[in-house]
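# Working through the structure, step by step
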Amino acid sequence: MSWLSALARYTQWHFMDLLAAHGLSWTEKTLGQLFCNQKAGAVLNVLLNECNRAGVAIETLAEIQKFEKTGDGFSVATSSHDYCAESLVIATGGPSIPRMGATDFGLKIARQFGLKSVPFRPGLVPFVLSDKDKLGFYADLAGCATEVVVSCNGKQFRENLLFTHHGLSGPAMLQISSYWRDGDSVDINFYPDKNASEWLIQTKRE
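Basis of the calculations
Residues numbered from 1 in each chain as written. Predicted model: local features only at pLDDT ≥ 70, side-chain atom pairs only at ≥ 80, totals over all residues. Heavy atoms only, no water. Pairing = 2+ DSSP bridges. Helix = DSSP H or I, 4+ residues; strand = E, 2+ residues; numbered from the N terminus. Salt bridge = Lys/Arg side-chain N within 4 Å of Asp/Glu carboxyl O. Buried < 20%, exposed > 50% of the residue type's maximum accessible area, 1.4 Å probe, protein only. Axes fitted to C-alpha atoms, helices over the stretch in contact; angles between N-to-C directions. Parallel < 35°, antiparallel > 145°, perpendicular 65-115°, else oblique. Contact = heavy atoms within 4.5 Å. Nonpolar A, V, L, I, M, F, W, Y, C, P; charged D, E, K, R; others polar.

### Comments concerning the sheet that holds strand 6 (residues 127-128)
With respect to topology, five strands assemble into an open sheet ordered 6-9-8-7-10, the strand pairing being antiparallel. The outermost strands of the open sheet, each flanked by one partner alone, are strand 6 and strand 10 (187-189). With two bridges connecting them, strand 6 and strand 9 (residues 167-169) associate as antiparallel partners. Counted as the bridge partner of phenylalanine 127 is leucine 168 from strand 9.

### Notes on the pattern of salt bridges
This structure, assessed with the given rule, holds five salt bridges. One salt bridge connects lysine 66 with glutamate 68, and the closest N-O pair in it is separated by 3.7 Å. By relative accessible area, which is 44% here, lysine 66 ends up partly exposed. Here lysine 108 makes a salt bridge to aspartate 104, at a shortest N to O gap of 3.7 Å.

### Description of the packing of helix 2 (residues 12-21) against helix 3 (residues 39-54)
Across the interface, helix 2 lies against helix 3 with an axial gap of 10 Å and an inter-helix angle of 90°. It follows that helix 2 is roughly perpendicular to helix 3 by the angle criterion. Contact residues: Phe15, Leu18 and Leu19 in helix 2; Val43, Val46, Leu47 and Glu50 in helix 3. Classifying every residue of the contact of helix 2 with helix 3 gives six nonpolar, no polar and one charged.

### Here's the deal with the side chain of serine 75
Relative to the assigned elements, serine 75 resides in strand 4 (residues 74-78). Given a relative accessible area of 15%, serine 75 falls into the buried group. When neighbours within four sequence positions are excluded, serine 75 is seen to be in contact with Lys66, Phe67, Glu68, Thr70, Tyr83 and Cys84.

### Focus: unusual backbone geometry
Not every positive phi belongs to a glycine, and leucine 61 is a case in point at roughly 55°. Relative to the helices and strands, leucine 61 resides in the loop between helix 3 and strand 3 (64-69). Overall, the relative accessible area of 88% leaves leucine 61 in the exposed class. For asparagine 153, which is not a glycine, the phi torsion comes out positive at approximately 50°. Locating asparagine 153 in the fold gives a position in the loop between strand 7 (145-152) and strand 8 (155-163).

### Overview of the environment of glutamate 59
Its location among the elements puts glutamate 59 in the loop between helix 3 and strand 3. Given a relative accessible area of 36%, glutamate 59 falls into the partly exposed group. If we ignore the near neighbours within four places in the chain, the residues touching glutamate 59 are Thr78, Ser80, His81 and Tyr83.

The following block contains the structure:
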């Protein structure tokens, strides 16, 4: 079974059933987003309980030293133990947040085994303003959110934009960041339901 078919067989409905079986509930918000009413810690406990039920061994503070392909599987050498297994799943994440310990370790392993990869690029990330003058102009708005329509490269999202001390974030900006490339412009409509020019003229008259 390939990784694709495995993920296709386990849908979001299966995961929701798992949470419900453990007594967890959720609230649906905009765009079908589901938020656990018992918070993230409760979801973590569900996963840990399921691991315990399945006999999963979790080992922390162990450094991976070497991977090797053997005749009938894989061998993994760590700073504490050596392991052998028929199958090996590597779930290391990406190098997006180095200060949290993220590295390109998974990519190096993929290259070692001759697996193809694609270049890294930002996705689901906030926009940081490097211009100090612009950042100072928006500083007083930090923490404020408003609904906008944001567009880039033919994609459009209507969600909240959040001003931060470093730039622009919130669901709208996180979504559009996946379609942005270095040098591209991003259009933000802060008044999507009305004609801003007409509103300003009318306000001036009044």
